[in-house]
4 protein chains.
Amino acid sequence: MDTTAVLLIDCPDRKGLVASVASLLYDYGANITHADQHQDHEAGLFFMRVEWALRDFDLGAFKADFASKAAELDMRWQLKLMSDVPRVAIFVSQYLHCLADILHRQQTGDFHCTIPLVIGNHSDAAPLARFHGAEFHCLPVTPETKARAEAEQLRLLSAAGVELVVLARYMQILTPQFIQRYPSRIINVHHSFLPAFIGARPYHAAFQRGVKLIGATSHYVTEALDDGPIIEQDVVRISHRDQVEDLIRKGRDLERSVLSRALMWHLEHRILGYGNKTVIFD
Amino acid sequence: MDTTAVLLIDCPDRKGLVASVASLLYDYGANITHADQHQDHEAGLFFMRVEWALRDFDLGAFKADFASKAAELDMRWQLKLMSDVPRVAIFVSQYLHCLADILHRQQTGDFHCTIPLVIGNHSDAAPLARFHGAEFHCLPVTPETKARAEAEQLRLLSAAGVELVVLARYMQILTPQFIQRYPSRIINVHHSFLPAFIGARPYHAAFQRGVKLIGATSHYVTEALDDGPIIEQDVVRISHRDQVEDLIRKGRDLERSVLSRALMWHLEHRILGYGNKTVIFD
Amino acid sequence: MDTTAVLLIDCPDRKGLVASVASLLYDYGANITHADQHQDHEAGLFFMRVEWALRDFDLGAFKADFASKAAELDMRWQLKLMSDVPRVAIFVSQYLHCLADILHRQQTGDFHCTIPLVIGNHSDAAPLARFHGAEFHCLPVTPETKARAEAEQLRLLSAAGVELVVLARYMQILTPQFIQRYPSRIINVHHSFLPAFIGARPYHAAFQRGVKLIGATSHYVTEALDDGPIIEQDVVRISHRDQVEDLIRKGRDLERSVLSRALMWHLEHRILGYGNKTVIFD
Amino acid sequence: MDTTAVLLIDCPDRKGLVASVASLLYDYGANITHADQHQDHEAGLFFMRVEWALRDFDLGAFKADFASKAAELDMRWQLKLMSDVPRVAIFVSQYLHCLADILHRQQTGDFHCTIPLVIGNHSDAAPLARFHGAEFHCLPVTPETKARAEAEQLRLLSAAGVELVVLARYMQILTPQFIQRYPSRIINVHHSFLPAFIGARPYHAAFQRGVKLIGATSHYVTEALDDGPIIEQDVVRISHRDQVEDLIRKGRDLERSVLSRALMWHLEHRILGYGNKTVIFD
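Residues numbered from 1 in each chain as written. Chains lettered and ligands numbered in written order. Predicted model: local features only at pLDDT ≥ 70, side-chain atom pairs only at ≥ 80, totals over all residues. Heavy atoms only, no water.

(A) Representation of the relation of the copies chain B and chain C within the structure. Overlay of chain B on chain C (RMSD 0.0 Å): rotation 180°, translation along the axis 0.0 Å. Taken together, the rotation and translation relating the two chain copies correspond to the operation of a two-fold axis. In this assembly, 100% of the residues forming the interface of chain B have copies in chain C that are likewise at the interface, indicating an isologous arrangement. (Least-squares fit on C-alpha atoms with pLDDT ≥ 70 in both. Contact = heavy atoms within 4.5 Å.)

(B) Structural detail: the sheet that holds strand β6 (residues 114-120) of chain D. All names here are of chain D. Strand order across the open sheet formed by seven strands is β7-β6-β5-β8-β9-β10-β11, with mixed pairing between neighbours. The two strands at the open ends of the sheet, each matched to only one other strand, are β7 (135-138) and β11 (230-237). Neighbour-to-neighbour, the strand axes of the sheet open up by a mean angle of 15°, direction not taken into account. Of the pairings in the sheet, the one linking strand β10 (residues 213-220) to β11 comprises seven bridges and is antiparallel in character. By the bridge assignment, I214 is partnered in β11 with V236. (Pairing = 2+ DSSP bridges. Helix = DSSP H or I, 4+ residues; strand = E, 2+ residues; numbered from the N terminus. Axes fitted to C-alpha atoms, helices over the stretch in contact; angles between N-to-C directions.)

(C) Inspection of the nonpolar core at higher detail. Of all hydrophobic cores here, the largest spans 97 residues; its most connected members are I90(A), I102(A), I90(B) and I102(B). When residues no more than four places from it in sequence are discounted, the contact partners of I102(A) are I90(A), F111(A), I115(A), V166(A), A168(A), L259(A), S260(A) and L263(A). In terms of nonpolar packing, the next biggest core, distinct from the first, is built from 96 residues, F197(C), A126(D), I187(D) and V189(D) among them. (Core = buried A, V, L, I, M, F, W, Y, C linked by side-chain atoms within 4.5 Å. Buried < 20%, exposed > 50% of the residue type's maximum accessible area, 1.4 Å probe, protein only.)

(D) Region of the structure containing a nonpolar patch on the surface. Residues and elements named next belong to chain A. On the surface, a cluster of nonpolar side chains totalling about 290 Å² of accessible area is made up of I173, I198 and L225. Secondary-structure assignment places I198 in the loop between β9 (186-190) and α7 (202-209). According to the relative accessible area criterion, I198 is partly exposed, its value standing at 45%. (Patch = residues over 30% accessible without salt bridge, like charges linked within 9 Å, V, L, I, M, F, W, Y side chains within 5 Å. Areas by Shrake-Rupley, 256 points an atom, 1.4 Å probe, with all protein chains shown as cover. Salt bridge = Lys/Arg side-chain N within 4 Å of Asp/Glu carboxyl O.)

(E) Region of interest: the domain arrangement of chain A. All names here are of chain A. Domain annotation for chain A reports domain 1 (4-81) and domain 2 (87-280). Once you take the C-alpha centre of each, domain 1 and domain 2 turn out to be 31 Å apart. Counting from both sides, the interface comprises 13 residues of domain 1 and, opposite them, eight residues of domain 2. Counting the surface domain 1 buries against domain 2, the share from its top three residues, L8, F47 and R49, is 46%. Linking domain 1 with domain 2 are zero salt bridges, by the criterion used here. (Domains from an automatic or database assignment. Buried area = accessible area lost by both parts, 1.4 Å probe.)

(F) The arrangement of the packing of helix α3 (residues 97-108) of chain D against helix α8 (residues 244-267) of chain D in detail. All names here are of chain D. Relative orientation of the contacting elements α3 and α8 amounts to 40°, with a least axis distance of 9 Å. Relative to α8, the element α3 is oriented oblique. Once α3 is placed against α8, the crossing between them reads as right-handed. The segment α3 lies against α8, with H97, C98, D101, I102 and R105 engaging R252, E255, R256, L259, S260 and L263. Split by residue class, the contact of α3 with α8 holds four nonpolar, two polar and five charged. (Parallel < 35°, antiparallel > 145°, perpendicular 65-115°, else oblique. Left-handed = near helix turned anticlockwise from the far one by under 90°. Nonpolar A, V, L, I, M, F, W, Y, C, P; charged D, E, K, R; others polar.)

(G) Here's a closer look at helix α3 (residues 97-108) of chain C. All names here are of chain C. The terminal C-alpha atoms of α3, which comprises 12 residues, lie 16 Å apart, in line with the 16 Å expected from a rise of 1.5 Å per residue. A large share of α3 lies buried, amounting to nine of its 12 residues. Listed as buried for α3 are H97, C98, L99, A100, D101, I102, L103, H104 and R105. Positioned one or two residues after α3, G109 has a phi angle of 100°, which is positive. (Expected span 1.5 Å × (residues − 1).)

(H) Summary view of the relation of the copies chain B and chain A. Once turned by 180° and shifted 0.0 Å along the axis, chain B lies on chain A with an RMSD of 0.0 Å. When the interface residues of chain B are mapped onto chain A, 100% of them again fall at the interface, so both copies present the same face.

(I) Structural view of unusual backbone geometry. Each neighbour pair has its own omega, and for L194(C) with P195(C) the value is 10°, a cis peptide bond. Topologically, P195(C) is positioned in the loop between β9 (186-190) and α7 (202-209). In this structure, F197(A) is a non-glycine residue whose phi angle is positive, near 60°. Looking at the secondary structure, you find F197(A) in the loop between β9 and α7. Residue class for F197(A) comes out buried when judged on its relative accessible area of 17%. With a phi close to 65°, D74(D) is a non-glycine residue in the positive phi region.

(J) Region of interest: the packing of aromatic side chains. Residue and element names in this part refer to chain A. Taken as a whole and judged by the stated rule, the model has 48 aromatic pairs over all chains. Ring centres of W52 and F62 lie 5.4 Å apart, and the angle between their planes is 65°; this geometry places the pair in the edge-to-face category. Highlighted residues: W52 in strand β3 (residues 45-53) and F62 in helix α2 (residues 59-72), separated in sequence by 10 residues. Of the residues examined, W52 reaches a relative accessible area of 0% and is grouped as buried. (Phe/Tyr/Trp six-rings, centres within 6.5 Å; stacked < 30°, edge-to-face > 60°.)

(K) Expanded view of the interface of chain B and chain C. At the junction of the two partners, chain B supplies 18 residues and chain C supplies 18 residues. Considering only the side of chain B, the residues that lose the most area to chain C are H104(B), F131(B) and R256(B), jointly responsible for 31% of the buried surface there. The interface formed by chain B and chain C holds eight salt bridges in total. Notably, a salt bridge pairs D282(B) with R241(C), separated by 3.8 Å at the nearest N-O pair. Connecting chain B to chain C are six residue pairs in polar contact (both at pLDDT 80 or more). Contributing elements (two or more residues each) for the side of chain B that touches chain C: α3 (97-108), α4 (126-131) and α8 (244-267) of chain B. For the side of chain B that touches chain C, the element with the highest residue contribution is α3(B), accounting for six residues. Residue composition of the side of chain B that touches chain C, grouped by class: six nonpolar, three polar and nine charged. (Polar contact = N/O pair within 3.5 Å; in protein donor to acceptor, adjacent residues only side chain to side chain.)

(L) Representation of the interface of chain B and chain A within the structure. Residue-level contacts link 38 residues of chain B with 39 residues of chain A. Summed over both sides, the interface between chain B and chain A buries roughly 3300 Å², with carbon and sulfur atoms accounting for 50% of that surface. The largest per-residue losses of area from chain B upon contact with chain A belong to R209(B), K212(B) and H240(B), which jointly make up 22% of the total buried on that side. At the boundary of chain B and chain A, one finds 10 salt bridges. For the salt bridge of E232(A) with R237(B), the shortest nitrogen-to-oxygen distance reads 2.9 Å. Along the contact surface separating chain B from chain A lie 22 residue pairs in polar contact (both at pLDDT 80 or more).

(M) View of the environment of G273(A). Residue and element names in this part refer to chain A. Assignment of secondary structure puts G273 in strand β12 (residues 271-274). Relative accessible area serves as the criterion here: at 40%, G273 is assigned to the partly exposed category. Distance in space between the C-alpha atoms of G273 and M75 is 14 Å, their sequence separation being 198 residues.

(N) Molecular detail of the pattern of salt bridges. This structure, assessed with the given rule, holds 80 salt bridges over all chains. Among the salt bridges present, the one from D234(B) reaches R237(A), with a minimum N-O distance of 3.8 Å. Placement of D234(B) in strand β11 (residues 230-237) and of R237(A) in strand β11 (residues 230-237) is noted, with the two residues assigned to different chains. Here R241(C) makes a salt bridge to D36(D), at a shortest N to O gap of 3.8 Å. Residue R241(C) is found in the loop between β11 (230-237) and α8 (244-267), and its partner D36(D) is found in strand β2 (residues 31-40); the two belong to separate chains. In terms of burial, R241(C) and D36(D) fall into one category: buried. Salt bridges sharing partners connect three or more residues here, namely D36(A), D282(A), R241(B), D36(C), D282(C) and R241(D).

(O) Representation of the confidence of the model for chain A in the model. The pLDDT averaged across chain A works out to 96; a share of 100% of its residues lies at or above 70. Of the two predicted TM-score estimates for the complex, the pTM is 0.96 and the ipTM is 0.94. (pLDDT = per-residue confidence, 0-100.)

(P) The arrangement of the pairing of strand β3 (residues 45-53) of chain D in detail. All names here are of chain D. Where burial is concerned, most of β3 is hidden: eight out of the nine residues are buried. In this structure, strand β1 (residues 4-12) lies alongside β3, joined through nine bridges in antiparallel fashion. Bridged to L8 within β3 is R49. Relative to β3, β2 runs antiparallel, the two being bridged by nine bridges. What sits directly across from H34, in β3, is E51. Adjacent in sequence and paired antiparallel, β2 and β3 are bridged by four residues, among which G44 carries a positive phi angle near 70°.

(Q) Molecular detail of the side chain of R169(C). Residues and elements named next belong to chain C. Here R169 is to be found in the loop between β8 (164-167) and α6 (176-181). Classification of R169 by relative accessible area gives buried; the value is 6%. Side chain to side chain, R169 and E255 meet in a polar contact 2.8 Å long. Sequence-distant contacts of R169, that is, excluding residues within four places in its chain, are made with V92, S93, Y95, H97, C98, V189, H191 and E255.

What follows is the structure, encoded as structure tokens:
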């Protein structure tokens, strides 16, 4: 398959935006393979994702032309080349189901990325990470060592050229300083249907409340705990026959699927964040 | 079909409970059509539902025998005859989708009840109620008239011999005095996936938070708002393309289905409440 | 809300189609409220739906201009005005759940249509139809009377100005002659997950096969039984505890929801058929 | 946790079956942790699963007593000790997602088994199998070598003491001779919602038919292709935007989850087959 480019745009809504982008691409002879747009009428915003083949396409000239048009129209935009393969790091603690799922899918070709680095605050993930060819580092975190551990994490991320961090049931809270280094580039999975059961031990809280469905949520990490823009959520039915350990077991399947979908969409440049929400171009 | 009896039991768990109940029923020659039991190992509780045909069955003698055995074993129990058809009242405001669904299902034979009475704080439901043969009363509620309106509601319920009240998107909060008159006999539907988005305007709150699924919850009404034992919940997927009005529209389908399932199970004596939770014998 | 126009296009895929349509609309000052397009790369086809406000828009001039451009680009197209409110007839037999759902939703405002006519081969639906203000005609069908009944049905449809027929669990098979009169304008619901369990008594067949989910399918009617383009499908979980009558009861909820979604989408001009498949612009 | 015993019973329905089993267990002082029963009224059959703690329980004496009672009551029965850990073999071809899921879950403790053996007709699974400590054998199958390959498979299964075979997207059809050696002990996953799309390339067939949901089915293998008793099914929504490769990708998640649930239930002795159907005690 030819390599493609993806243009992600968001801007105040006005007439002629689609015409403007589509016409410019047509002028350059682009062979568009996917295009989707969205208007948030309430917020007065416009969002667009367009993907086209790069063969026989003068990307440099287009980019210059487009930049000036975008400035005119108050567009924020990102131009991504699918020939660039992002480098992703996974943070993990002792539960390995999300990590195992991500590494297997990456091998299967579901994810447009490489995963050179896995960091754990426990050593449990070492064999799995190494089996899949990722470097593994164990950096235990205690209140005393947290600052030092984060400094080392940042050093490893930087050394490995990582641009996206996935918290695959990583049971430590990152500091604002860390988060600010990777804005909209840290994806977490929370083991509840947010905003229900924020914080620790959500399955226990769900069991106590007697809910009939449990959920999981993947989201971008912001400084407010479990409050970042939601990317994906899913639920599964439970009954009175399910004890807490059954919730935990059933929840594992949700966690890995909502996290993997979030990662896949991020890597395919299908997500546009705005305010505390996301547009997912599917 | 023969008429049947249903026995609902809950008690501290101990050895021999199933044997005890099953043997007594066998001694009386019961033809059991359904039986289910549940143990909550953590709470040390036992729950049982058993249904059997009443033809050639000496119910009076059985009941006396069972009562003494139940006392011995610390059982709380209810014996229900399916030949008794409960009388149900529906409370409604201006949204009629839950009411329409309940009335239609009742006509179809899904619900083991009659619905002699519909009460609204607006008059919108009058034609629909009357089309289905229910008496309709409009009792507007304002802070000033609330006490008087509730008194009139109670009088109507009593006059109609109602034993179960269904709040079918009834937009008023009942007073504790009212609720105490119908313990575990008022079923409400809340238009969110509880415990997320308690209180007013949950679809607006869900839209603001940017969730990817919306839900609805049916529950028994207790004095704590939206906090009673959950009977049923369901969710539907939404996307960035859905505006608040789409959430409201999609939510309507959830509301009516979770409310109708709750009502059906209650009427078939499939629900046992304990603490703030429910066992649903399906 | 302003009234809007919807343009539905399908044609061989080529470069510049979006630019072409979007630019022409922009030239006429259209305020686009929704736009979506789809490419079937395998079939080499392009599909587009665009909706815009008609206030201050010169529709006549646009239409003429667009028609010539469309001819150039080999486009098949339909231009629909949302100010036109389609007239829909419902065909029904003895099961009324789909009819009740459609009539209630129509009243609620979910459907962009009027429903002047309900035709049954039994009389069961008469009160419900009349309660909702629709004319009801009972036209029994036997092998001997079928031709005459269809002639009468066609006459009634024509007299009522009906442009869409919905088979709401109508248990008669229409003749090819009838179907040809309403190409892509008859929507049926089949009570199975097609293509499983084509034909009569699908719940009995599903029960015999021991499936763990049952389904329902809404589709356009073509001359091949249960083989027309699928519009919507849904399923619900069943278990060994469910007897055939439980399947039938649970299935009713599926039937009405897949049929109502199909009707809603058709009326909002969100469906484009091609070959034996559909594109649903959501 | 104490080890437990599981008794699985099926027999013609008659009065007193629950009383009979429960009383005998009570006489032996059994501490029952789970019990469930089911009646198929149409077929006149009774099914029961009961699990109890073995501490201070005289299993030998109970078994003798129960056997004579069972003979009296025409019961077929199996008594399983959870201290016995079944040995399972996985057959696989080139798609590894089901295998990876099973091996990971086994490691996590989801499955009550060991997996000493993986057999592939291709060598792709070798590293994954060995990483999880399973022996791997590659036995290519062609029409000419099929008989020899099956003989070797049977030899390996026997040598490894395997009592359950899981076909984890194994793309060869087993001979009747092979299947007869493992009656109700071969579990397969078919990548469609059976009985739709039996046979080869179901995702392509689903794509051609234009379905709106795709499914997967796990079932016991019988001599009729894709026709054995269904254990579990699930579906996922697709749209016109999904090409065949998207169906294949989305289907992978279904395949692994329906296969893993089937395996888990089998290993916990929760499945009773009868005719071509299954009872799943959950």
